[in-house]
Amino acid sequence: MISRIIVILCMLALSVDCLAQNTDSTSKVKKDTLNFPKRVVAVVTDNFAIIRPLNFEFSNTSPYNFKPEHGNGSLPESRVTKFQQMKVSANFNFIKRKSWLLGATVGYRGTSVEAEIMQPEQPEKTIFKDDFHYLFSGLSFSYFSTLFKKPAFYSSTILLDGSDKHFERVKGMFTATMLLKANQRTRMTVGFVINIDPASQIPAIPTFTYEHKFNNGWIADVVLPRSMYLRKFVFRKNGRFSVGMEMDQTLLYMYNLEGTNQKYEYRQLDINPGVVYEHALGKHFIFTAKSGAKLTNNGRVFRKESSFEDHIYEMKPDPSFYFNVGVSFNPLSLFGKKR
């Protein structure tokens, strides 16, 4: 499911804080409605590591137990002893105009898993080891306009994904977002996302973003349904500390599970409460470190032509601990600059 999140983030990012750091009032915004693209890109790449021009991340999850189910029957509790991921993504805009923007994104996520699987009525555990490779690429078109005399942003994306073995799906995404408020202290938007994906869990998602700067230097940064954070710039704005939560999803394709040519998908949604620290490395690079709890309601395996609800295998993991480190290249970073 990470491909869908990538697209959602790309689209949300184009609608979040599109009136960037030098906008002083709502009236000034209205006079400059069609001059968004450069400021959009600046705020997008600052707030969303995954769609910075170049981003690399490594994450590790501590061992955890999980309760598996196959069909309608429960299986003995098993244990994941290793769950590591590496993410690489590149995002670029190759045509920018006053009222529209055309861009593309490509990415890779490698997942390495080791587990001790307990079988019914068998005292010996089975050791499972495998590496999964997920790749995606997308083309996005964004249009900037007005609706009810307020700035509005429309985006559409076509996404292709697959594994190192096969191309798998063509997916689509459409978003519409309207800016409700923008001044020196507060910015707020509302909108929706339509997800065109045969295996989608939620075809339509309402979106809401809210940013407010408090007098003590803290910033409330809410991007629903993705994340909620309290942030504060430190070290003369060369660093930023955040506390809150965000969602992440893992999607991967699986083959030959039952000795047939059947293709399967595995999808997992995580809620990650914790802390984040970002620090500028020179003018254009940003180091990011995250850590906290990893809460997963369930992960499911289903046939590619089926849906998440029509699964053949389900696992319910216990809470675990995670850490994530990464480096991004971002020539339009807001770190170290006045906002």
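Just above, that's the structure.
Please read these numbers as outputs of a predicted model, since none were measured by experiment.

Caption draft 1: Fine view of the overall build of the protein. Across its full length, the protein holds 3 helices and 17 strands. Across the 339 residues that make up the protein, the buried fraction comes to 50%. For the protein, the exposed area adds up to about 15,700 Å²; of that, 61% sits on carbon and sulfur atoms.

Caption draft 2: Just the pairing of strand β17 (residues 320–329), in detail. Here β17 shows a buried face lined by Ser 320, Tyr 322, Asn 324, Gly 326 and Ser 328 and an unburied face lined by Phe 321, Phe 323, Val 325, Val 327 and Phe 329. Relative to β17, strand β1 (residues 54–61) runs antiparallel, the two being bridged by 8 bridges. Across the sheet, the residue bridging to Glu 57 is Gly 326, located in β17. As defined by bridge partners, strand β15 (residues 285–303) adjoins β17 across 10 bridges and the pair is classed as antiparallel. Its bridge partner being in β17, Gly 292 is matched across the sheet by Tyr 322.

Caption draft 3: How the structure looks around a nonpolar patch on the surface. Taken together, the side chains of Phe 92, Phe 94, Leu 139, Ile 158, Leu 160, Phe 167 and Val 170 define a hydrophobic patch exposed on the protein surface, amounting to about 630 Å² of accessible area. Of all the elements in the fold, those that place two or more residues in the nonpolar patch are β4 (78–96), β7 (150–163) and β8 (167–182). The exposure class assigned to Leu 160 is partly exposed, which follows from its relative accessible area of 35%.

Caption draft 4: Structural detail: the pattern of salt bridges. Summed over all chains, the structure comprises 21 salt bridges. In this structure, Asp 318 engages Lys 67 in a salt bridge whose closest nitrogen and oxygen atoms are separated by 3.8 Å. Of the two residues, Asp 318 is situated in the loop between β16 (313–317) and β17 and Lys 67 in strand β2 (residues 64–70); the sequence distance between them amounts to 251 residues. You can call Lys 67 partly exposed: its relative accessible area is 45%. A salt bridge links Asp 270 to Lys 294, with the nearest nitrogen and oxygen atoms 3.9 Å apart. Here Asp 270, found in strand β14 (residues 263–281), pairs with Lys 294, found in strand β15; they are 24 residues apart in sequence, far enough to count as distant. Its relative accessible area of 2% is what places Asp 270 among the buried residues. Through salt bridges with shared partners, a single ionic network connects Asp 161, Arg 169, Lys 171, Asp 197, Glu 265 and Arg 267.

Caption draft 5: Highlighting the layout of surface pockets. Taken as a whole, the largest pocket holds about 720 Å³ of empty space. Contributing to the lining of the largest pocket are 25 residues, with Ile 117, Phe 128, Met 254, Val 301 and Tyr 313 lying nearest its centre. Residue assignment for the lining of the largest pocket shows that the elements contributing at least two residues are β2, β4, β5 (100–118), β6 (125–147), β13 (239–255), β14 and β16. The residue makeup of the lining of the largest pocket, split by class, is 18 nonpolar, 6 polar and 1 charged.

Caption draft 6: Looking closely at the nonpolar core. The biggest cluster of nonpolar side chains holds 14 residues, and the ones touching the most others in it are Val 80, Met 254, Tyr 266, Val 301 and Met 315. Listing elements by their share of this core, those giving two or more residues are β2, β4, β5, β13 and β14. Setting aside its immediate chain neighbours within four residues, Met 254 contacts Phe 132, Gln 262, Lys 263, Tyr 264, Tyr 266 and Val 301. Within the second largest apolar cluster, 6 residues are counted, among which are Tyr 134, Phe 136, Leu 159 and Tyr 253.

Caption draft 7: The arrangement of unusual backbone geometry in detail. Along the chain, Leu 224 connects to Pro 225 via a cis peptide bond; the corresponding omega equals 15°. Relative to the assigned elements, Pro 225 resides in the loop between β11 (219–224) and β12 (227–234). A positive phi angle is found at Lys 149, which is not glycine, with a value near 65°. Looking at where Lys 149 falls in the secondary structure, it is placed in the loop between β6 and β7. A relative accessible area of 72% places Lys 149 in the exposed class. Even without being a glycine, Arg 236 presents a positive backbone phi close to 55°.

Caption draft 8: A look at the environment of Glu 69. The residue Glu 69 is located in strand β2 in this model. The spacing of Glu 69 and Lys 316 is 247 residues in sequence and 8.5 Å in space, taken between C-alpha atoms. Ignoring any residue separated from it by four or fewer positions in sequence, one finds Glu 69 in contact with Ser 74, Ile 312, Tyr 313, Glu 314 and Lys 316.

Caption draft 9: The packing of aromatic side chains, seen in detail. Enumeration over the complete set of coordinates arrives at 10 aromatic pairs. A ring pair is formed by Trp 100 and Phe 141, whose centres lie 5.8 Å apart and whose planes are at 35°; its orientation type is tilted. Within this pair, whereas Trp 100 is found in strand β5, its partner Phe 141 is found in strand β6, the two being separated by 41 residues in sequence. Of the residues examined, Trp 100 reaches a relative accessible area of 27% and is grouped as partly exposed. Under the relative-accessibility criterion, Phe 141 is labelled partly exposed at 36%. Each residue in the set Tyr 134, Phe 136 and Tyr 253 is aromatic and connected to the rest through ring pairs, giving one cluster. Above the face of the Phe 233 ring, Lys 237 is positioned so that its terminal group lies 6.0 Å from the ring centre.

Rules used throughout
- Residues numbered from 1 in each chain as written.
- Predicted model: local features only at pLDDT ≥ 70, side-chain atom pairs only at ≥ 80, totals over all residues.
- Heavy atoms only, no water.
- Helix = DSSP H or I, 4+ residues; strand = E, 2+ residues; numbered from the N terminus.
- Buried < 20%, exposed > 50% of the residue type's maximum accessible area, 1.4 Å probe, protein only.
- Areas by Shrake-Rupley, 256 points an atom, 1.4 Å probe, with all protein chains shown as cover.
- Pairing = 2+ DSSP bridges.
- Patch = residues over 30% accessible without salt bridge, like charges linked within 9 Å, V, L, I, M, F, W, Y side chains within 5 Å.
- Salt bridge = Lys/Arg side-chain N within 4 Å of Asp/Glu carboxyl O.
- 1 Å grid on protein atoms, 1.4 Å probe; cavity = no way out; pocket = protein on both sides within 12 Å on 5 of 7 lines; lining within 4 Å.
- Points joined across faces, edges and corners; volume = space filled by probe spheres on them.
- Nonpolar A, V, L, I, M, F, W, Y, C, P; charged D, E, K, R; others polar.
- Core = buried A, V, L, I, M, F, W, Y, C linked by side-chain atoms within 4.5 Å.
- Contact = heavy atoms within 4.5 Å.
- Phe/Tyr/Trp six-rings, centres within 6.5 Å; stacked < 30°, edge-to-face > 60°.
- Lys NZ or Arg CZ within 6 Å of the ring centre and 35° of its normal.

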